[in-house]
Amino acid sequence: LGLELLAELVVELVAVAVALADLAHAIGLFGLAANLEDGRPGAQAHAGAVVLLEELLFLVEDAIIEGDGAGKPEGILNAAAVVSIAKETGQTAATIVHNNLKKMWARLHARSQANAVWFINQDCGPTLDDLAKVIGTGGVEPNYVTYGPDGVLRIKGRPVISIEYCSAVGTVGDIILADMSQYA
């Protein structure tokens with residue numbers, strides 16, 4: 001990208017940052033745009049732009065998950081359509097059990113199953129790896145929590161994506177099952 005085009009892009013991203021009501025980040029982006037227009041060395045300007053674009057991406061993704069709808073998107077966790085699955089009777093705090101996932105999948109609209117994605121807090125990963133269905137006094141690994149040949153964790157055949165916006169294990173939002181084609 002040429003410096004002028006990059007400066008224009010940054011100015012447009014400033015408008016997005018302001019729309020997301022994050023003044024501190026907007027000020028940082030304005031500073032970058034000013035430096036680009038003053039002819040700051042290209043490589044240094046590019047590196048700064050990459051860092052700020054990554055931070056802007058963080059703000060947008062965080063708003064999609066947790067946004068309150070005031071000057072930013074209403075997040076999945078704050079939407080009226082959110083369905084929360086209660087923990088099982090006797091379930092130890094900060095754990096995930098077979099029935100949690102089974103009930104989440106059961107509540108997902110059938111037409112959304114083909115597009116659904118599981119978003120998890122990365123701390124859920126080890127628990128999902130160790131997940132077992134209790135059968136009598138033993139247990140068996142559930143056949144619906146698997147790794148594909150590509151190394152991607154899957155639940156019910158749908159990909160699992162670790163994101164930093166999910167809540168801590170055992171709290172609402174630690175695992176999100178969503179069809180993002182329905183997010184508007």
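Quantities reported herein were computed from a predicted structural model and do not represent experimental measurements. (Residues numbered from 1 in each chain as written. Predicted model: local features only at pLDDT ≥ 70, side-chain atom pairs only at ≥ 80, totals over all residues. Heavy atoms only, no water.)

J.: I tried to follow unusual backbone geometry on my own but got confused; where do I start?
T.: As a rule of thumb, non-glycine residues mostly have phi less than zero, and peptide bonds are mostly trans rather than cis. With a phi angle near 60°, Ala-94 is a residue other than glycine that sits in the positive phi range. Following the sequence through the fold, Ala-94 ends up in the loop between α3 (42-66) and α4 (98-107). On the basis of relative accessible area, Ala-94 is assigned to the partly exposed category, the value being 48%. Phi at Lys-156 is positive, roughly 55°, even though this residue is not glycine. (Helix = DSSP H or I, 4+ residues; strand = E, 2+ residues; numbered from the N terminus. Buried < 20%, exposed > 50% of the residue type's maximum accessible area, 1.4 Å probe, protein only.)

J.: For this particular structure, what's the right way to read the environment of Trp-105?
T.: With respect to the helices and strands, the residue Trp-105 is situated in helix α4. Judged by relative accessible area, which is 13%, Trp-105 ranks as buried. The spacing of Trp-105 and Ala-178 is 73 residues in sequence and 10.0 Å in space, taken between C-alpha atoms. Trp-105 has contacts with Gln-113, Trp-118, Lys-156, Arg-158 and Leu-177, leaving out every residue within four places of it along the chain. (Contact = heavy atoms within 4.5 Å.)

J.: Is there a simple way to think about the confidence of the model for the protein in this case?
T.: As a general rule, the predicted coordinates of low-pLDDT regions are not to be interpreted in detail. Confidence along the protein averages 79 in pLDDT terms, with 66% of residues attaining 70 or more. When pLDDT is averaged over each helix and strand of the protein, the minimum, 49, is found for helix α2 (residues 23-37) and the maximum, 96, for strand β7 (residues 175-178). Residue range residues 20-27 is modelled with pLDDT below 50. Its contacts to residues more than four positions away, or to other chains, number 15 contacts. (pLDDT = per-residue confidence, 0-100.)

J.: In this structure, what is going on with the state of the cysteines? I would like to understand it.
T.: Put plainly, a disulfide is one covalent bond tying together the sulfur atoms of two cysteines. For the structure on display, the rule yields zero disulfides. Free of any disulfide, Cys-124 has its nearest neighbouring cysteine sulfur in Cys-166, separated by 7.3 Å. Exposure remark for Cys-166: the relative accessible area of 6% places this residue in the buried category. (Disulfide = S-S within 2.5 Å.)

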